[in-house]
Amino acid sequence: MWGIVFYDVRSLVGEQVRIFDTTLRDGEQTPGVSLTPDEKLMIARQLDKLGVNVIEAGFPVSSKGEFDSVRQIARAGLNCQVCGLSRIVKKDAQACLDADVGMVHVFVPTSDIQIAHTIKLSHDEIVAGAVETVEFVKENGRTCLFSAMDATRTSPEFLHRIFKAVEGAHCDIINIPDTVGVAVPSSFYRFVKDICDRVNMVVDVHCHNDFGLAVANSLAAVEAGAREVQVCVNGLGERAGNANLAETVMSLHAIYGARTSIKTEYLVETARLVERLSEVKISMTAPIVGENAFSHESGIHSHGVIENSKTFEPGIMTPEMVGHKRRIVLGKHTGRHAVAKFLEEGGFEPTEEQLSEILARVKDLGDKGKQVASIDLQTIADVVIGDVAKGSQAVVLKEVSVMTGNIITPTATVRAMVRGKEKVLASTGVGPVDAAVNAVQRLLDSDTSIHLCDFRIEAITGGADALAEVVIGVEDDKGRKVSAKSAREDIVMASVEALVSAINRLMLLEESGR
Ligand code: KIV
Ligand code: ZN
């Protein structure tokens, strides 16, 4: 089906991989990120809707606020498991139990450098502390995950010793953190496989992105036998962050054929919520959830994608799968085919000559460094083709008057010819623009149902006599969307003209059965 392919990695077809999300713990440790308890709860609910297996909600012992927040999430009635972080210290683990989490994540540094400069205990003391804490968690009936922090810089002998010791204490899951992101996929594969071969517990990995390899390393680990991955939404986390949730999950699904419990259609929605609350912007070019992830501009690409989206997209992943939208962006690289398609969708029927002229104007704008939005294209087309609907405009505006002030409710009256019949209608609104827009909508027959889906007022020039550009988008009950704009010094007139123009364009589509 795919020709020469890289899909021999579909060795994981049908394998189930658990998704452990640590956005609210490691992700909140992103420099500059701080979430309120309400925001954390909102993200937790979204992660639950997304279908993660585990949410690491925080480090309960670290502060009263953190404790309350973890407990609030643990008691929120989510479907997923809620986890709290604990050092190999009884009071940490107790705080997790008191916060009502179902899973406790016990961690301890195991590399020489971290032991020497942080915990300063002997190997024997570390093993004893780990075993005691894991036993305490298990005696209290919770799931236990144990992490050997900085595992990739830990001597293999000590790592195997401590993992065997916690296995003896009935630990459920062991985690191999690449704490400072120094692993590379080929050696991480061997490293993880060696551990998987020696233990009888679920193996989990936690990869940091210092060299941009966190997702690649996580995937190598799954190939080697790990069956849980720790990820963060938008790749948040300490320093360069953790493995990105969307990238890891979609690679597992689409490339490897593995399964997770993630409802991938919520990936973009989740990424945008976390972007908004964390105030860490998603890059335009971010895979899967970035603005450009399914956008095409160049002529060759757009042409191909319009014919068949698999030409310049992976095909094994579509925008619909992840809750995104495909966009054809018009600019200097745009080809004739893309412009023709856009115009056709907008209800225009240009001649070949008109199409060439419109294309030339689009490229001219692109050369000046501008992108051409669909609304601009409609304006260009109006100018080049001539007002498409001049002869057959359904609504012809004659007069608009508005009364406003602080002692009356803003009221607008509109006089217009509607399909050849004069109508005069008035309406009130929260302000003069709202009143006028409502009055125009009342001009339409009761069986014509439209609603405003976009309304933007942009001052083009400065000062009290600024020219206001109003952009209006209208949708009918069949889901057809059109937009129009107008620019005037009078904001009410600009709004009414833009709305009437959009309505006329929609009526034209209706009449032509498009
Ligand atoms: O990066 C790390 O090692 C961690 C541990 C707590 C798992 O975040
Ligand atoms: Zn980490």
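Residues numbered from 1 in each chain as written. Chains lettered and ligands numbered in written order. Predicted model: local features only at pLDDT ≥ 70, side-chain atom pairs only at ≥ 80, totals over all residues. Heavy atoms only, no water.

Novice: Describe the packing of aromatic side chains, listing the residues and the values that go with them.
Specialist: Counted according to the given criterion, the structure contains 3 aromatic pairs. Measuring from centroid to centroid gives 6.3 Å for F146 and F163, while their planes differ by 85 degrees, and the two rings are edge-to-face. With F146 in strand β5 (residues 143–149) and F163 in helix α6 (residues 156–168), the pair connects residues that are 17 residues apart, well separated along the chain. Taking relative accessible area as the criterion, F146 reaches 0% and is therefore assigned buried. On the basis of relative accessibility, which here comes to 1%, the residue F163 falls in the buried class. Ring geometry for F188 and F191: centres 6.3 Å apart, planes at 20 degrees, overall stacked. (Phe/Tyr/Trp six-rings, centres within 6.5 Å; stacked < 30°, edge-to-face > 60°. Helix = DSSP H or I, 4+ residues; strand = E, 2+ residues; numbered from the N terminus. Buried < 20%, exposed > 50% of the residue type's maximum accessible area, 1.4 Å probe, protein only.)

Novice: Could you give me a rundown of the domain arrangement of the protein chain, with the residues and numbers involved?
Specialist: By a frequent convention, interface size equals the accessible area lost on bringing the separate parts together. Taken domain by domain, the protein chain comprises domain 1 (17–278), domain 2 (295–385) and domain 3 (392–512). Each of domain 1 and domain 2 has a C-alpha centre, and the two are 44 Å apart. In this assembly, 8 residues from domain 1 lie in contact with 7 residues from domain 2. In this assembly, domain 1 and domain 2 are joined by 0 salt bridges. Counting the contacts that link domain 1 with domain 2 gives 3 residue pairs in polar contact (both at pLDDT 80 or more). For the side of domain 1 that touches domain 2, the secondary structure elements donating two or more residues are α9 (245–256) and α10 (267–278). Of the residues in the side of domain 1 that touches domain 2, the class split is 5 nonpolar, 1 polar and 2 charged. (Domains from an automatic or database assignment. Contact = heavy atoms within 4.5 Å. Salt bridge = Lys/Arg side-chain N within 4 Å of Asp/Glu carboxyl O. Polar contact = N/O pair within 3.5 Å; in protein donor to acceptor, adjacent residues only side chain to side chain. Nonpolar A, V, L, I, M, F, W, Y, C, P; charged D, E, K, R; others polar.)

Novice: Go over the site of ligand 1 with me, naming the residues and quoting the values.
Specialist: Near ligand 1 the following residues occur: R25, D26, H105, F107, S147, M149, N175, P177, T179, H206 and H208. Interatomic distance of 3.0 Å between a side-chain N/O atom of H208 and an oxygen atom of ligand 1. Bound to the protein, ligand 1 loses 94% of the 260 Å² it would expose on its own. When residues of the shell around ligand 1 are traced back to their parent elements, those giving at least two are β4 (103–109), β5 and β6 (173–178). Per-class residue counts for the shell around ligand 1 are 3 nonpolar, 6 polar and 2 charged. (Near = heavy atom within 4 Å. Areas by Shrake-Rupley, 256 points an atom, 1.4 Å probe, with all protein chains shown as cover.)

Novice: Which residues make up the coordination of the zinc ion (ligand 2), and what values go with them?
Specialist: Coordination sphere of the zinc ion (ligand 2), protein contribution only: D26 (OD), H206 (NE2) and H208 (NE2), at 2.0 to 2.1 Å. Of note, the donors binding the zinc ion (ligand 2) are all from one chain and are spaced D-x179-H-x1-H. Look at H208 and you get buried, because its relative accessible area is 4%. (Donors = N, O, S within 2.8 Å, 3.2 Å for Na, K, Ca; no water.)

Novice: Quick rundown of the nonpolar core? Include the residues and the values.
Specialist: Residues F146, I162, F163 and V192 are the most contacted members of the largest nonpolar core, which totals 96 residues. Split by domain, this core shows at least three residues from each of two domains, domain 1 (17–278) and domain 2 (295–385). Those residues in contact with F163 that lie beyond four places of it in its chain are F146, A148, I174, N175, I176, I195, V199 and M201. One finds V414, V470, I472 and V500 within the second-largest nonpolar core, a separate group that totals 34 residues. (Core = buried A, V, L, I, M, F, W, Y, C linked by side-chain atoms within 4.5 Å.)

Novice: How would you explain the pattern of salt bridges if you had to name every residue and give the values?
Specialist: This structure, assessed with the given rule, holds 26 salt bridges. Two residues, R25 and E56, come together in a salt bridge whose shortest N-O distance is 3.0 Å. Of this pair, R25 sits in the loop between β1 (18–21) and α1 (37–50) while E56 sits in strand β2 (residues 54–58), placing them 31 residues apart in sequence. By the burial criterion, R25 is buried, and E56 matches it. Note that E66 and K40 form a salt bridge whose closest N and O atoms lie 3.3 Å from each other. One end of the pair, E66, is in helix α2 (residues 64–74); the other, K40, is in helix α1, with 26 residues separating them in the sequence. The pair formed by E66 and K40 is uniform in burial state, with each residue classed as buried.

Novice: Describe the sheet that holds strand β11 (residues 395–403), listing the residues and the values that go with them.
Specialist: Pairing is antiparallel across the open sheet formed by 3 strands, whose spatial order is β11-β12-β13. Each edge of the open sheet is held by one strand with a lone partner, namely β11 and β13 (421–428). Across the sheet, the mean angle from the axis of one strand to that of its neighbour is 15 degrees, orientation sign disregarded. Relative to strand β12 (residues 411–418), β11 runs antiparallel, the two sharing 8 bridges. Note that in β12 the partner of V396 across the bridge is M417. Here helix α16 (residues 432–442) sits on the sheet and contacts β11, β12 and β13; the angle it forms with β13, its principal contact strand, is near 145 degrees. (Pairing = 2+ DSSP bridges. Axes fitted to C-alpha atoms, helices over the stretch in contact; angles between N-to-C directions.)

Novice: Please give an account of unusual backbone geometry that cites residues and values.
Specialist: Of note, the phi angle at D100 is positive, near 70 degrees, even though the residue is not glycine. One non-glycine residue, R239, lies in the positive phi region at around 50 degrees. Within the secondary structure, R239 is located in the loop between β8 (228–231) and α9.

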